[in-house]
Every structure is written in structure tokens, then in C-alpha cells.
Amino acid sequence: MTWYALRAARESVAATRHLLAGASPATWARLSVLVLFAGGLTTPFLVDFNYGSEFLDGTVGVDSSSTAVLAAAGGFVGLAALLAGAIAEFVLLDALRGDPVRLVARGRRWFHAGVQLFVFRLVVLCLLALVGLAGIRADDSGPAVLLALALVTGTIVVLDRVTVAFVVPIVFVDGRSLPAGWRAFLPTLRAQWHQYVGYLLVAGTLGFAVAILGGLLAALVAIAFAVPFSAFGAVVAAALIEQGLSAPTVGRVVVLALAAPYLAVVLGSVLLVHVAPVAYLRYVSLFVLGDTTGRYDPIPQVRAAVRRGGSTLGD
């Protein structure tokens, strides 16, 4: 028996290479935007939560009303990003199929489908939050209850993964609603369940490997840009101190002035680095979907070109 996920892991390399080999800098930039919202960065970011706790409990001079306003603003930004990510899932499929990457035009086209995915993900987040609260309350209830909660959490996560990997492409191909996409997918899932279990195992392994690689690359990018930014900051600080300004004040001002551009450059570079692995992982799921149900194959031309040698891929 052929395991489609293993074959997809090999063929997705060629598909990704041909997608990006002739891509212009503008296309890379647009793809990096899609990666930001839809791809999910595989880089671990270190956060000092000590500052967060001081901020929330008011020890840095923020009153309760300001905290409420900031929390509301943060919630709005989070929901907006979740909606943008849902729409970007469909725009990313356009790009993987070989269509020109047009963020605004494609975003308008897939807005309604994106809203459906947004609502689904909102429900998923609420369910995960409820499970988390149940886990906190059941902390002393014994290992059986905690194991059950872990299984529920895993089921919800797999449901979200399967929806994005397979149901969203069916909606993309057939113009269905998200619930109708699930109804169309269920017969294939029941008939080829072993192939989808194989996909989850292969995708989990690949995702873990990509996460490690992405973290290492992001660290290298951050270090590489830290050197010139630090050198520039040191020169500027020395010049200002020679003018008689206080060294501690100069240090704080220089750090604050350079922090935003440094973070912007690092984030932009990390996004560009992540374009290839995110595209690769998405191709793996699309190849598996097309192998199990040709009717809903979102990348038939890419698949055919890869399997005949890839010489005309994207033409």
C-alpha cells in the first residue's frame, strides 16, 4: 500500500522549489504577509512575563480603566488578526495553485469564506479556553481526569488542523460553505482514514523539524542584525555623550529609538525565511487531499507537472 503522506513529503519539495524559484521580490514580500497571518510562524519567541505581570497589576502606574481600555484594544486587534488569518488561508491556496499573489483582490474574493473559517476558529478557541479552565479546576482530581482533558484538547486541535488542511481546500475548489465542505469531506475521510492518520503523523514530524529549523534560523537572523544595530547605536551614543549628555539617558533613548526598526527588520526577515517551509507543509496536505479525492484536488496542474518531471510547472 502506498502511503500518500510519504509521497507528498517528497513531491512537495519540487512544488515548493518551482513556486519560489522564479518569484519576484514583490511576490516574496506578499507571500511573507500571508505567512504572517495564515502560515503560523514556527519560531519560538522569548517573552519576559515579569514585565507583563507588573503591567497588569498596576505596579507600573497604569490604573484599572487604562488596563480595561488596553485589554479591549488588544482583544479587537486579536480578533482582526484572526479574521485576516482566516481570509489569508484562501489567498494562500490561490498562490500555491500558481495564481498571481494579489492580497487585496483575492482577499475581497474570499472574504465570506474567510468569515466562516473565522467563526469556526473562534469556536475552537472558546472550546480550548473552556478545557483550560476545566483543567485548572480539576488540578487535584487525579490523572484520569487530566488525561481525559488532554484527549479532548488533542481532538480539538486535530479538528482544527484537518479543517484547515483539507476542508478549506474543498471550500476553495467547490465554492461550498464550511459545513458543506465538511459534509463533502466525510465520505473520503471514512474511506481513506488510514491515509489521513498517516498524514497527521508525517505532518506532525515535519512540523516539529521545521519548528526547530525555523527557531535556529530566526536566532541567526536576530544575531546577524543585532551586530550592525549595536555598532550604530554605540557610535551614536558615544557622539551624544561627548556633547555632555547623561550616559544613562542617552543609552535609554538610543535603545528605544533603535528597538522598533530592529524588530521590524528581524520580523520581516524571519517571515521571508518562513515562506518556503510554510509553503512546503501546505503542499504536503494538498497532495494528500488530491490523492485521496481527485474531485477536490486544488492543485491538479502542480501535481501533474511534478509527476512528469516539473519542467513546465507554473506555466
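Parameters and conventions
- Residues numbered from 1 in each chain as written.
- Predicted model: local features only at pLDDT ≥ 70, side-chain atom pairs only at ≥ 80, totals over all residues.
- Heavy atoms only, no water.
- Helix = DSSP H or I, 4+ residues; strand = E, 2+ residues; numbered from the N terminus.
- Buried < 20%, exposed > 50% of the residue type's maximum accessible area, 1.4 Å probe, protein only.
- Contact = heavy atoms within 4.5 Å.
- Expected span 1.5 Å × (residues − 1).
- Bend = angle between axes of the 7 residues up to and from the residue.
- Axes fitted to C-alpha atoms, helices over the stretch in contact; angles between N-to-C directions.
- Parallel < 35°, antiparallel > 145°, perpendicular 65-115°, else oblique.
- Nonpolar A, V, L, I, M, F, W, Y, C, P; charged D, E, K, R; others polar.
- Phe/Tyr/Trp six-rings, centres within 6.5 Å; stacked < 30°, edge-to-face > 60°.
- Core = buried A, V, L, I, M, F, W, Y, C linked by side-chain atoms within 4.5 Å.
- Salt bridge = Lys/Arg side-chain N within 4 Å of Asp/Glu carboxyl O.
- Left-handed = near helix turned anticlockwise from the far one by under 90°.
- pLDDT = per-residue confidence, 0-100.
- Patch = residues over 30% accessible without salt bridge, like charges linked within 9 Å, V, L, I, M, F, W, Y side chains within 5 Å.
- Areas by Shrake-Rupley, 256 points an atom, 1.4 Å probe, with all protein chains shown as cover.

Digging into the overall build of the chain
Line of reasoning, step 1. When its secondary structure is counted, the chain shows eleven helices and zero strands.
Line of reasoning, step 2. Reading the chain from its N terminus to its C terminus gives the helix and strand order α-α-α-α-α-α-α-α-α-α-α.
Line of reasoning, step 3. Relative to its 315 residues, the chain shows a buried fraction of 38%.
Line of reasoning, step 4. Considering only contacts in the chain between residues 6 or more positions apart, those separated by 24 or more positions represent 73%.

Re helix H1 (residues 4-21)
Line of reasoning, step 1. In this model, H1 (18 residues) spans 25 Å end to end at C-alpha, consistent with the 26 Å of a helix rising 1.5 Å per residue.
Line of reasoning, step 2. The sharpest bend along H1 measures roughly 30° and falls at glutamate 11.
Line of reasoning, step 3. Here H1 has its buried residues at Tyr4, Ala5, Ala8, Ala9, Glu11, Ser12, Ala14, Ala15, Thr16, Leu19 and Leu20.

A few points about the packing of helix H7 (residues 143-174) against helix H8 (residues 178-191)
Line of reasoning, step 1. Across the interface, H7 lies against H8 with an axial gap of 9 Å and an inter-helix angle of 95°. Accordingly, the angle class assigned to the pair H7 and H8 is roughly perpendicular. For the pair H7 and H8, the contacting residues are Leu159, Val162, Thr163, Phe166, Val167, Ile170 and Val171 in the first and Leu178, Gly181, Trp182, Ala184 and Phe185 in the second.
Line of reasoning, step 2. Taken together, the residues of the contact of H7 with H8 break down into ten nonpolar, two polar and no charged.

So, the packing of aromatic side chains
Line of reasoning, step 1. Counting across every chain of the model gives nine aromatic pairs.
Line of reasoning, step 2. Both rings, one in phenylalanine 90 and one in tryptophan 110, keep their centres 5.4 Å apart while their planes meet at 15°; by these two values the pair is stacked. Here phenylalanine 90, found in helix H4 (residues 64-97), pairs with tryptophan 110, found in the loop between helix H5 (103-109) and helix H6 (111-137); they are 20 residues apart in sequence, far enough to count as distant. With respect to burial, phenylalanine 90 and tryptophan 110 carry one shared label: buried.
Line of reasoning, step 3. Summarising the aromatic geometry, the rings of phenylalanine 166 and tyrosine 196 are spaced 4.8 Å apart at their centres and angled 85° between planes, so their arrangement reads as edge-to-face. Highlighted residues: phenylalanine 166 in helix H7 and tyrosine 196 in helix H9 (residues 193-242), separated in sequence by 30 residues.
Line of reasoning, step 4. Accessibility expressed as a relative area gives 1% for phenylalanine 166, which makes it buried.
Line of reasoning, step 5. Here a set of aromatic residues connected by ring pairs shows up, and it is made of Phe166, Trp182, Phe185, Tyr196 and Tyr199.

Here's the deal with H9
Line of reasoning, step 1. Helix length check: H9, at 50 residues, gives a terminal C-alpha distance of 71 Å against a target of 74 Å (1.5 Å per residue), a fit within 8%.
Line of reasoning, step 2. Approximately 25° is the largest bend angle found in H9, and it occurs at alanine 226, with the proline proline 228 only one to four residues beyond.
Line of reasoning, step 3. Phi turns positive, to about 100°, at glycine 244, one or two residues after H9.

Section: the nonpolar core
Line of reasoning, step 1. Counting 62 residues, the largest nonpolar core has Phe90, Phe166, Phe185, Tyr283, Phe287 and Val288 as the members making the most contacts within it.
Line of reasoning, step 2. Judged by nonpolar contacts, the second largest core, of ten residues, contains Ala218, Ala237, Leu258 and Val266.

Here's the deal with the pattern of salt bridges
Line of reasoning, step 1. Following the criterion strictly, the structure yields twelve salt bridges and no others.
Line of reasoning, step 2. Note that aspartate 297 is salt-bridged to arginine 303, the shortest N-O span being 2.7 Å.
Line of reasoning, step 3. For arginine 303, a relative accessible area of 8% puts it in the buried group.
Line of reasoning, step 4. A network of salt bridges, in which partner residues are shared, links Arg7, Glu11, Asp291, Asp297, Arg303 and Arg307.

Some remarks on the packing of H9 against helix H10 (residues 247-292)
Line of reasoning, step 1. Running from N to C, H9 and H10 cross one another at 160°; their axes reach a closest spacing of 8 Å. What the angle tells us is that H9 and H10 run roughly antiparallel. Crossing of H9 against H10: the hand is right-handed.
Line of reasoning, step 2. Across the contact of H9 with H10, the residue classes break down as 32 nonpolar, eight polar and no charged.

What to know about the confidence of the model for the chain
Line of reasoning, step 1. Taken as a whole, the chain shows an average pLDDT of 85; of its residues, 88% reach a score of 70 or greater.
Line of reasoning, step 2. Of all secondary-structure elements in the chain, the lowest mean pLDDT belongs to helix H3 (residues 49-56), at 38, while H8 reaches the highest, 94.
Line of reasoning, step 3. In this model, residues 41-60 is a region of pLDDT below 50 whose contacts with residues beyond four sequence positions or in other chains number 22 contacts.

A word on the environment of arginine 108
Line of reasoning, step 1. Its location among the elements puts arginine 108 in helix H5.
Line of reasoning, step 2. Taking the C-alpha atoms as reference points, arginine 108 and isoleucine 87, separated by 21 residues in sequence, lie 8.7 Å from one another.

Section: a nonpolar patch on the surface
Line of reasoning, step 1. A grouping of Val119, Val123, Leu127, Leu130, Leu133 and Ile136 is seen on the molecular surface, where their side chains present a nonpolar patch of about 570 Å² in accessible area.
Line of reasoning, step 2. The topology assignment puts isoleucine 136 in helix H6.
Line of reasoning, step 3. A relative accessible area of 64% places isoleucine 136 in the exposed class.

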